[in-house]
Structures are given as structure tokens and as C-alpha cells.
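So you can see what is in the structure, the chains are spelled out below.
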Amino acid sequence: MAARKRGTVLQFLAANFTRHAINTTKYHFKKNIINWRVEWIFPNVDTKPLKFTDDQCPEQKKLSQLLEKYLNPDAMPFDGSKDLVYYKSAGFSGVKVLLKAEKVKGSNKKFFELDTTETLAENLSGKCIIEFPIIFVVLRDHAYNFEIITPGEEFDFIQKKNTNVRAKNKEVTDKIVKGNANDKKGKDDVEDGNYRKRPRTLLTEQIAIEKDKEIEREIREEKKKRPKNLLFTTGYSSEESISCSSEDENEK
């Protein structure tokens, strides 16, 4: 819920997944702060890609502050920092910081470009995160190897997702409205295993109730228009025939 308020969709895996077991992300309720576990991947090195992990990255810190120890040549050395010589020589201006995309079509090869001048929370806003963020730090000269999602593509994805949600909601609403008129079809759907329970949504229930009332009104109006006791030989009802004959007798 805290992540959602910040505009971040946070999803968790089952307990038997390694990514879930190693997740050290914590939410401090009193301080209202999320400390994220972040995995940093540095692919442009002589050996195999390097991975470093920060277990508790405060969300209010800027991305540049979190990357300081990896990219600043004057930073305190740590285990594996010697292999980052290319990155330290390139500095912040010579790298691109990319977030691995999640829940996007072809997400295994797609990345969001992050802004190092913004906080971690601002960079994660509008993104989907599974357990914790995985961030790639790549040299600008090698960025062509990564498919970076542009703002236009990101917008198209959000629009398509919203359209699908609206279409699904309309489908559910139409099914509710037509439910009373198609009871038999509903039973068939139950037997086929495709029946969906009516969602307890006030709006759709109200629509269904109003539709039922409208149908009942139409039925009553149609009944009023139909002649009673229709005489097929003359085309007039028996009541009309009686009233006409009584009027003729009165005239006589």
C-alpha cells in the first residue's frame, strides 16, 4: 500500500522463489519510508557482469547518491570495486542507468532509463517492481545493446492497458444487465466452467437494477397497448363490441 501511494506497483513472488527469500526491502511505518533492496548490474567489465547488492537503500536518496560509491574514483574501495575502473573513469556523464522492465511485453529485453538527479522513489514511480528493483549501469557507448522504452512507448502501453481494463469492465457490466433475461445461458456457462460470479460493485448493481425497472416499464406499456379478448373474426375486442352495441341502443 505504501508503494502504491507512491505510484509504484509492487508485486511479490511465492515464498519458494529465491528472489522472494533474499528480498530485504522494508517499510518503516512510523517514518513512512521504504528502504529498498537494490541489485546493481555492471555489464561492461573485462570479466563476467558484476553484481552488487545494497540491502537498504532509502527511497528519499537521489540515485546519484546511491551510485556514488560505484562511480566516484575517490570513493572508499570495497570488494570488487577494482573491476569498475571503466565506470569510475567514465563517471556519471558517461553512463546510463536502466531499470529492468517488468510486466511489459518482451520485458526480458526492455529497460526504463532512470534519472540520476531524481530520488529512488521518483524513479520507481509509474513502474512495476517484482520484489525489488534490478538496475543496470551501462556505459553510454554500449547502451545500444539495450532496448530502452521511450516515453511514447511507455504511454502507449499504459493506454492499451487502460483500454483493456475498460473493455473488460464493460463486458462484465453487460453480462450483469443481461443476466436476468438469459438465465438459461447463465446455467450453460456454469456447466462449461466459464461463469463468473457477479462482482459486488455498487455501480454495476445499480445499472442492473435500473435496467430491470426499465424492462418492467416497457412490458407494462406493451400490455396496455394490447387489446383484451381479441376476436379474430372481426378484429375488435369483445369489450369494444359490447360498448358499441350499448351506445347504439341508447341512441335508439
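Just so we're clear, the structure is a prediction, and the values are computed from it rather than from any experiment.

> Would you mind showing me how to read a negative patch on the surface here?
Side chains of E214, E218, E221 and E222 sit close together on the surface and give a patch of like negative charge. Residue placement: E214 occurs in helix α9 (residues 202-225). Look at E214 and you get partly exposed, because its relative accessible area is 33%.

> Sorry if this is basic, but what is going on with the pattern of salt bridges here?
Enumeration over the complete set of coordinates arrives at 6 salt bridges. One salt bridge in this structure joins R6 and E59, with 2.8 Å as the shortest N-O distance. Taken together, the residues R6 in the loop between α1 (2-5) and β1 (9-11) and E59 in the loop between β4 (50-58) and α3 (63-66) connect sequence positions 53 residues apart. What makes R6 partly exposed here is its relative accessible area of 22%. One salt bridge connects E102 with R19, and the closest N-O pair in it is separated by 3.1 Å. Here R19 lies in helix α2 (residues 18-21) and E102 lies in the loop between β5 (95-100) and β6 (110-113), a separation of 83 residues in the sequence. What makes E102 buried here is its relative accessible area of 10%. Several salt bridges share partner residues, and in doing so they unite R37, E39 and D55 into one network.

Rules of the game
Residues numbered from 1 in each chain as written. Predicted model: local features only at pLDDT ≥ 70, side-chain atom pairs only at ≥ 80, totals over all residues. Heavy atoms only, no water. Patch = residues over 30% accessible without salt bridge, like charges linked within 9 Å, V, L, I, M, F, W, Y side chains within 5 Å. Areas by Shrake-Rupley, 256 points an atom, 1.4 Å probe, with all protein chains shown as cover. Salt bridge = Lys/Arg side-chain N within 4 Å of Asp/Glu carboxyl O. Lys, Arg positive; Asp, Glu negative; His and termini not counted. Charge placed at Lys NZ, Arg CZ, Asp CG, Glu CD. Helix = DSSP H or I, 4+ residues; strand = E, 2+ residues; numbered from the N terminus. Buried < 20%, exposed > 50% of the residue type's maximum accessible area, 1.4 Å probe, protein only.

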